[in-house]
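What follows is each chain in one-letter form.
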Amino acid sequence: MADTNSPPAAGSHPEFLNECTKLTPVHYRILGMSWAGWVFDFYDLILFTFLMIPIAKEYNFSNLEMSYVLGTSLAATAVGGVIFGILSDRCGGGRSFNGQSLPIPSVPFVRGWRAVSGS
């Protein structure tokens, strides 16, 4: 095991990305993927804020009911972040991400199926 208190020896490669003296393509890849995750994670919340008024009119929701819907959406985002953060720490980010993203495509499919079948 390497001594973490001493800098890497001259000519050797650093063990961790934070020990690099220059940014590498890996750093930019991590930054790009983090940015994409942030953008697509909040896309649904931003979309919901644009669609709040048409949704409220369609379902005859009062302002109080819409505040409950928005609050539930924000709370679910926080709870999901905590749960999948813990899962990511315990079993790895890739596995928890796959478990998180598998149910997502099923929701529009089921809603579309119900709309087409009339049930």
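Residues numbered from 1 in each chain as written. Predicted model: local features only at pLDDT ≥ 70, side-chain atom pairs only at ≥ 80, totals over all residues. Heavy atoms only, no water.

**Some points on the overall build of the protein chain**
For clarity, the cut-off: By definition, any uninterrupted DSSP run of H or I lasting at least four residues is a helix, any uninterrupted run of E lasting at least two residues is a strand, and each is numbered from the N terminus. Under the scheme applied here, a residue whose accessible area is under 20% of the maximum for its type counts as buried, over 50% as exposed, and between as partly exposed, the area being computed with a 1.4 Å probe on protein chains only. Computed with a 1.4 Å probe, the accessible areas rest on the Shrake-Rupley method; for each residue, only the protein chains presented here act as cover.
Broken down by element type, the protein chain carries four helices and zero strands. Taken from N to C terminus, the helices and strands of the protein chain fall in the order α-α-α-α. Within the protein chain, the proportion of its 119 residues that are buried is 5%. Within the structure as shown, the protein chain displays about 10300 Å² of accessible surface, and the carbon and sulfur contribution to it stands at 67%.

**Remarks on the side chain of His27**
Test applied: What qualifies as a polar contact is a pair of N or O atoms within 3.5 Å, subject to a donor-acceptor requirement within protein and to the restriction that residues adjacent in sequence count only when both atoms come from side chains. Residue contacts follow a heavy-atom distance rule, with two residues in contact if any of their heavy atoms lie within 4.5 Å.
Mapped onto the elements, His27 comes out in helix 1 (residues 25-59). Among the polar contacts made by the side chain of His27, one reaches the side chain of Thr24 at a distance of 2.8 Å. In contact with His27, other than residues within four places in its own chain, are Leu17, Cys20 and Lys22.

**What about the packing of helix 1 against helix 2 (residues 63-91)?**
Note the cut-off: Helix axes use the C-alpha atoms of the stretch in contact, all axes being lines fitted to C-alpha atoms, and the angles between their N-to-C directions lie in the range 0 to 180 degrees. We call two directions roughly parallel when the angle between them is under 35 degrees, roughly antiparallel when it is over 145, roughly perpendicular when it lies between 65 and 115, and oblique otherwise. Crossings are classed by handedness, with left-handed meaning an anticlockwise turn of the near helix from the far one by less than a right angle and right-handed meaning a clockwise turn. Only Asp, Glu, Lys and Arg are considered charged, only Ala, Val, Leu, Ile, Met, Phe, Trp, Tyr, Cys and Pro nonpolar, and every remaining residue, Gly among them, polar.
Interaxial distance between helix 1 and helix 2 falls to 11 Å at its minimum, and their mutual angle equals 160 degrees. Between helix 1 and helix 2, the interaxial angle falls into the category roughly antiparallel. Crossing geometry of helix 1 relative to helix 2 is assigned as right-handed. When helix 1 is examined against helix 2, the residues Leu45, Phe48, Met52, Ile55 and Ala56 are found in contact with a partner set consisting of Met66, Val69, Leu70, Ser73, Leu74 and Thr77. The residue inventory of the contact of helix 1 with helix 2, partitioned by class, reads nine nonpolar, two polar and no charged.

**Details of the packing of aromatic side chains**
Note the cut-off: Geometry of aromatic contacts follows a simple scheme: Phe, Tyr and Trp rings, the Trp one being its six-membered ring, pair when their centres are within 6.5 Å, and the pair is stacked under 30 degrees between planes, edge-to-face over 60, tilted otherwise.
Tallied over the entire structure, the rule returns one aromatic pair. With 5.8 Å between their ring centres and 25 degrees between their planes, Tyr59 and Phe61 make a pair best called stacked. Assessed through its relative accessible area of 33%, Phe61 is described here as partly exposed.

**Some words on helix 1**
Note the threshold: What a helix is expected to span follows from its residue count: subtract one and scale by 1.5 Å. Bend is computed residue by residue as the angle between axes fitted to the seven residues ending at the residue and the seven residues starting at it.
Under the 1.5 Å per step criterion, the end-to-end length of helix 1 is 49 Å for 35 residues, consistent within 8% with the ideal 51 Å. Its maximal kink placed at Leu51, helix 1 deviates by approximately 55 degrees, while the proline Pro54 follows within four residues. Of the residues making up helix 1, those classed as buried are His27, Leu45, Phe48 and Ala56. Of the surrounding elements, those touching the buried residues of helix 1 are helix 2.

**Considering unusual backbone geometry**
Positive phi, normally seen in glycine, also occurs at Asn60, with a value near 55 degrees. Among the secondary structure elements, Asn60 is positioned in the loop between helix 1 and helix 2.

**Focus: a nonpolar patch on the surface**
Note the threshold: Each patch is built from residues that are more than 30% exposed by relative accessible area and take part in no salt bridge. Like charges join if they lie within 9 Å; nonpolar side chains (Val, Leu, Ile, Met, Phe, Trp, Tyr) join within 5 Å. Salt bridges are identified by distance alone: a Lys or Arg side-chain nitrogen within 4 Å of an Asp or Glu carboxyl oxygen.
A surface patch of nonpolar side chains, about 1100 Å² in accessible area, is lined by Trp35, Trp38, Phe40, Phe42, Tyr43, Ile46, Leu47, Phe50 and Leu51. Looking at the element boundaries, Phe42 is found in helix 1.

**Details of the environment of Asn63**
Along the chain, the position of Asn63 falls in helix 2. Distance from Asn63 to Met52, taken between C-alpha atoms, is 9.9 Å for residues 11 residues apart in sequence.

Note that all results are geometric; they support no functional claim without further evidence.
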